[in-house]
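Coordinate analysis (summary)
Now for the letters of each chain:
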Amino acid sequence: MSLIRRRKPNETSRPTRSDPSSIDKEDDNKKKIPTKDQNAEEIALKKLRKWSCIDSCCWLIGSICVTWWFLLFLYNAIPASFNQYVTEAITGPVPDPPGVKLKKEGLTVKHPVVFVPGIVTGGLELWEGHQCAEGLFRKRLWGGTFGEVYKRPLCWVEHMSLDNETGLDPSGIRVRPVSGLVAADYFAPGYFVWAVLIANLARIGYEEKTMYMAAYDWRISFQNTEVRDQTLSRIKSNIELMVATNGGNKAVIIPHSMGVLYFLHFMKWVEAPAPMGGGGGPDWCAKHIKTVMNIGGPFFGVPKAVGGLFSAEAKDIAVIRATAPGFLDNDIFRLQTLQHVMRMTRTWDSTMSMIPKGGDTIWGGLDWSPEEGYTPSKRKQRNNDTQVANEDDSEVVASQRKHVNFGRIISFGKDIAEAPSSHIDMIDFRGAVKGNSVVNNTCRDVWTEYHEMGFEGIKAVAEYKAYTAESVLDLLHFVAPKLMARGSAHFSYGIADNLDDQKYRHYKYWSNPLETTLPNAPDMEIFSMYGVGIPTERAYVYKLTPSADCYIPFQIDTSADDDDTPLKDGVYAVDGDETVPVLSAGFMCAKGWRGKTRFNPSGIRTYLREYEHSPPANLLEGRGTQSGAHVDIMGNFQLIEDIIRVAAGARGEDLGGDQVHSDIFKMSEKINLQL
């Protein structure tokens, strides 16, 4: 009996070499059964094949960062003279900076110089804040890199806002101006404001003991800078010290933009008796100030301020708002951008100093304006003799076009902007009843006074149809009563009938050149220096926006264009520096203060210095050396040379007197103002 070998239960049959088919089957089975490593590889491959939107965003951000660091590396690696070398190769030899040029002529330090920055250009830092601002002590909230805007935007808005009732610090928050020349030399890295002028003054020997940046909190009203920070007293003390330590040489004051109005306020404050004023006496300015060289001064305000307060818009913002409907209005990432901007800026009392002054007498009415019939065009330069400039019409090359109603600062609809006033049915909004709207619970912490107006109030505003400089004030009182209640205590926008009236001794009138007088300083000189040749916002075509949660009900109608008039993207433009129209920057020195007038009783000499805008020839020139733009003019070589010459001892006549390119004298003649 043969022996039979039994297999163990756990033992599997194995193929023998004599059974090749069995071997093939085993190999196939091995291929079919994946290993753990194979599974992991397949999963990884599948993940690689999927390309999500997040991957694209990360790739884009990474590419931008790598490119940025590479360019930064190249920038630091190449010689400092490389840009100049390339620019000279393209455009020819670059002229010496004014400081180098004037040093070769032998100019040196003589008069101490005081800089007065304008709105938004001065740095602000945090001294006390809420918990969300932990770690930001003495860090810049305004100016510099603006990093906190991106990291914690709502916290930033909260700390940059002021109290809506008092216009001063909210509880538990203290934001203060940065001190020293660094307060406003650069607005952001690479974006100069005063830095180029400071560097050129240093070329002829100026240093920090002969230069002073009169930094102040540009958000609060002018008088409140003294109440809260004693800023006006500090400016007074610093000027007195600089004059005393520089051989008695009087100071040259250089205000820019809103700083022009701030220093106008200072000149009245410093001579007014305490406690409202500085108690310096009626001859303080005559003893301490040689010259005031105003750069881009909005003496009569700017129409752009109306757009900012009314709808948180200027031309550029309006275009973005129209291009991407809802992006700036809706609750994107819980930001509601325009609403937060409006809520914040409406707590800044200083913005009300820029509202147009002088009413219809200065800015024009429904059917006329000083600028009518003219748009920015090529002009011949006129010097010194203003009477000849007025009489010689051949020197003005102006383009006569279709009649434009520049006096209508706001028009609801292009047809209203163009129609004769007799054809406009204007329904008075002043007595309209506010309200009749559903309480909005979706707006979170966003609040503007439009939420309290209701549909009836908004409708009433639109039905008035056209607003001039005088009715704009009533409009702002209607749509922003809290803002204007505070503003009315600190600013005035009229024209004085009798400057001897005791009421004009109040500080609310001191920043309005039409309601105050210049100091008794016959040896002092005042310059108005500004750019021309750039279309500048003058009037707006508005429309109602569709009803939505947390919305701003009005917006500039960017579809309004006209090839026959200077109307583009809903904005009528006139000659100016892109921010301040020529009328506002030049009238006082051209006519209001020219000679002895009731606004200039001691006959202080005034000069106009206009700088024709010339954009940079190429990117390597940066913002250019011949720019007339509102901020870029601070790097204009001709303007800097004029300033340095005056600081070194020159007077207006030494510069050649007036330098005029615009039609400011013709505009001035159209304004019927008692002088």
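None of these values were measured; they are calculated from a predicted model.

How each quantity is defined
Residues numbered from 1 in each chain as written. Predicted model: local features only at pLDDT ≥ 70, side-chain atom pairs only at ≥ 80, totals over all residues. Heavy atoms only, no water. Helix = DSSP H or I, 4+ residues; strand = E, 2+ residues; numbered from the N terminus. Buried < 20%, exposed > 50% of the residue type's maximum accessible area, 1.4 Å probe, protein only. Contact = heavy atoms within 4.5 Å. Areas by Shrake-Rupley, 256 points an atom, 1.4 Å probe, with all protein chains shown as cover. Disulfide = S-S within 2.5 Å. Pairing = 2+ DSSP bridges. Axes fitted to C-alpha atoms, helices over the stretch in contact; angles between N-to-C directions. pLDDT = per-residue confidence, 0-100. Phe/Tyr/Trp six-rings, centres within 6.5 Å; stacked < 30°, edge-to-face > 60°. Lys NZ or Arg CZ within 6 Å of the ring centre and 35° of its normal. 1 Å grid on protein atoms, 1.4 Å probe; cavity = no way out; pocket = protein on both sides within 12 Å on 5 of 7 lines; lining within 4 Å. Points joined across faces, edges and corners; volume = space filled by probe spheres on them. Nonpolar A, V, L, I, M, F, W, Y, C, P; charged D, E, K, R; others polar. Salt bridge = Lys/Arg side-chain N within 4 Å of Asp/Glu carboxyl O. Parallel < 35°, antiparallel > 145°, perpendicular 65-115°, else oblique. Core = buried A, V, L, I, M, F, W, Y, C linked by side-chain atoms within 4.5 Å.

Section: the overall build of the protein chain
Helix and strand content of the protein chain: 24 helices and 19 strands. Counting the 675 residues in the protein chain, one finds 52% classified as buried. Partitioning the intrachain contacts of the protein chain with sequence separation of at least 6 by distance along the chain shows that 76% fall at a separation of at least 24. Accessible surface for the protein chain amounts to roughly 31900 Å². Of this, 55% is attributable to carbon and sulfur atoms.

Focus on the environment of Pro303
Of note, Pro303 is situated in helix α13 (residues 303-311). Relative accessible area serves as the criterion here: at 0%, Pro303 is assigned to the buried category. Residues Pro303 and Met354, spaced 51 residues apart in sequence, show a C-alpha to C-alpha distance of 8.2 Å. Discounting chain neighbours no more than four positions away, the residues touching Pro303 are Pro356, Trp363, Glu537, Arg538, Tyr540 and Pro581.

Looking at the state of the cysteines
Evaluated as defined, the whole model comprises 1 disulfide. The residue that forms a disulfide with Cys132 is Cys155, at a sulfur-sulfur distance of 2.1 Å. Its S-S torsion of about 80° marks the bond between Cys132 and Cys155 as right-handed, since a negative value means left-handed. Within this pair, whereas Cys132 is found in the loop between β2 (124-128) and β3 (140-142), its partner Cys155 is found in helix α7 (residues 153-160), the two being separated by 23 residues in sequence. Its relative accessible area of 31% is what places Cys132 among the partly exposed residues.

A word on the sheet that holds β2
On the basis of which strands lie adjacent, the open sheet formed by 3 strands has the order β3-β2-β4 and antiparallel pairing. Each end of this open sheet is capped by a strand with a single partner; those strands are β3 and β4 (174-177). On average, each strand axis in the sheet is tilted by 45° relative to the strand beside it, whichever way the strands run. One ladder, built from 2 bridges, connects β2 with β3; its direction is antiparallel. Bridging across to β3, Glu125 finds its partner in Arg140.

Some remarks on the confidence of the model for the protein chain
The predicted coordinates ought not to be read in detail in places where the model reports low pLDDT. For the protein chain, the mean per-residue pLDDT works out to 84, and 78% of the residues sit at or above 70. The model gives residues 1-18 a pLDDT under 50, and that stretch makes 5 contacts with residues more than four places away or in other chains. Counting interchain partners and residues more than four positions distant, the pLDDT-below-50 stretch residues 331-335 has 10 contacts.

Focus: the packing of aromatic side chains
Aromatic ring pairs: the centre-centre distance and the angle between the two ring planes describe each pair. Here the structure, examined in full by the defined rule, presents 31 aromatic pairs. For the pair Phe412 and Tyr542, a centre-to-centre distance of 6.2 Å together with 45° between the ring planes defines the contact as tilted. Of this pair, Phe412 sits in strand β11 (residues 410-412) while Tyr542 is found in strand β14 (residues 534-544), placing the two residues 130 residues apart along the sequence. Residue Phe412 shares its accessibility class with Tyr542, and that shared class is buried. An angle of 75° between the planes, with centres 5.5 Å apart, marks the rings of Phe429 and Phe478 as edge-to-face. Of this pair, Phe429 sits in the loop between α18 (414-418) and α19 (454-464) while Phe478 sits in helix α20 (residues 469-479), and the two are 49 residues apart along the sequence. Judged by its relative accessible area of 0%, Phe429 is buried. Its relative accessible area of 8% is what places Phe478 among the buried residues. A network of ring pairs unites the aromatic residues Trp142, Phe146, Trp156, Phe187, Tyr191, Trp218 and Trp348 as a single cluster. The ring of Tyr191 is capped by Arg623, whose NZ or CZ atom sits 3.7 Å from the centre of that ring.

Some points on empty space enclosed by the protein
Taken as a whole, this structure holds 4 cavities of 30 Å³ or more when the rule is applied. The volume enclosed by the second largest cavity comes to roughly 50 Å³. Pro255, Val260, Phe263, Leu264, Met267, Val292, Asn294, Phe299, Leu518, Ile526 and Trp593 are the residues that line the second largest cavity. Secondary-structure elements contributing two or more residues to the lining of the second largest cavity are α11 (258-271) and β9 (289-295). With 4 residues, the top contributor of residues to the lining of the second largest cavity is α11. Each residue belonging to the lining of the second largest cavity can be placed in one class, and the counts come to 10 nonpolar, 1 polar and no charged.

Focus: unusual backbone geometry
Going from Ala274 to Pro275, the amide bond is cis rather than trans, its omega being 10°. Along the polypeptide, Pro275 turns up in the loop between α11 and α12 (284-288). One non-glycine residue, Arg138, adopts positive backbone phi at about 60°. Following the sequence through the fold, Arg138 ends up in the loop between β2 and β3. In this structure, Asp569 is a non-glycine residue whose phi angle is positive, near 55°. By secondary structure assignment, the location of Asp569 is in the loop between β16 (567-568) and β17 (571-576).

A few points about the pattern of salt bridges
Here the structure, examined in full by the defined rule, presents 26 salt bridges. Here Arg408 and Asp367 are joined by a salt bridge, their closest N and O atoms 3.1 Å apart. One end of the pair, Arg408, is in the loop between α17 (386-391) and β11; the other, Asp367, is in the loop between α16 (359-363) and β10 (382-383), with 41 residues separating them in the sequence. A relative accessible area of 1% places Arg408 in the buried class.

Some remarks on the packing of helix α10 (residues 231-244) against α11
Between α10 and α11, the shortest axis-to-axis distance is 11 Å and the interhelical angle comes to 80°. Between α10 and α11, the angle is such that the two are roughly perpendicular. Contacts between α10 and α11 involve Thr231, Leu232, Ser233, Ile235, Lys236 and Ile239 on the former and, on the latter, Tyr262, His265, Phe266, Trp269 and Val270. Partitioning the contact of α10 with α11 into residue classes produces 7 nonpolar, 3 polar and 1 charged.

Focus on the nonpolar core
Within the largest apolar cluster, 157 residues are counted, with the highest numbers of intra-cluster contacts made by Phe115, Trp194 and Val461. A total of 10 residues in this core trace back to one element, the largest contributor, which is α11. Other than its neighbours up to four places away in sequence, Val461 contacts Phe310, Phe412, Phe429, Met453, Tyr467, Leu475, Phe478, Val479 and Phe554. Grouped together as the second largest cluster of nonpolar side chains are 9 residues, Phe406, Ala417, Tyr572 and Val574 included.

Some details on α13
Judged by how many residues are buried, α13 sits mostly within the fold: 7 of 9 residues are covered. Taken together, the buried positions of α13 are Pro303, Ala305, Val306, Gly307, Leu309, Phe310 and Ser311. In the segment just after α13, Ala312 is the residue with positive phi, at about 55°.

Quick look at the pairing of β17
Burial of β17 is extensive: 6 of the 6 residues sit out of reach of the surface. In the sheet, β14 pairs with β17 via 6 bridges, with the strands oriented antiparallel. Residue pairing in the sheet places Ala539 in a bridge with Tyr572 of β17. Two elements, β16 and β17, share 2 bridges in a ladder whose sense is antiparallel. Within β17, the position partnered with Leu567 by the bridge is Tyr572. Taking the residues that link successive antiparallel strands as the turn, the β16-β17 hairpin has 2 residues, and the phi of Asp569 there is positive, at about 55°.

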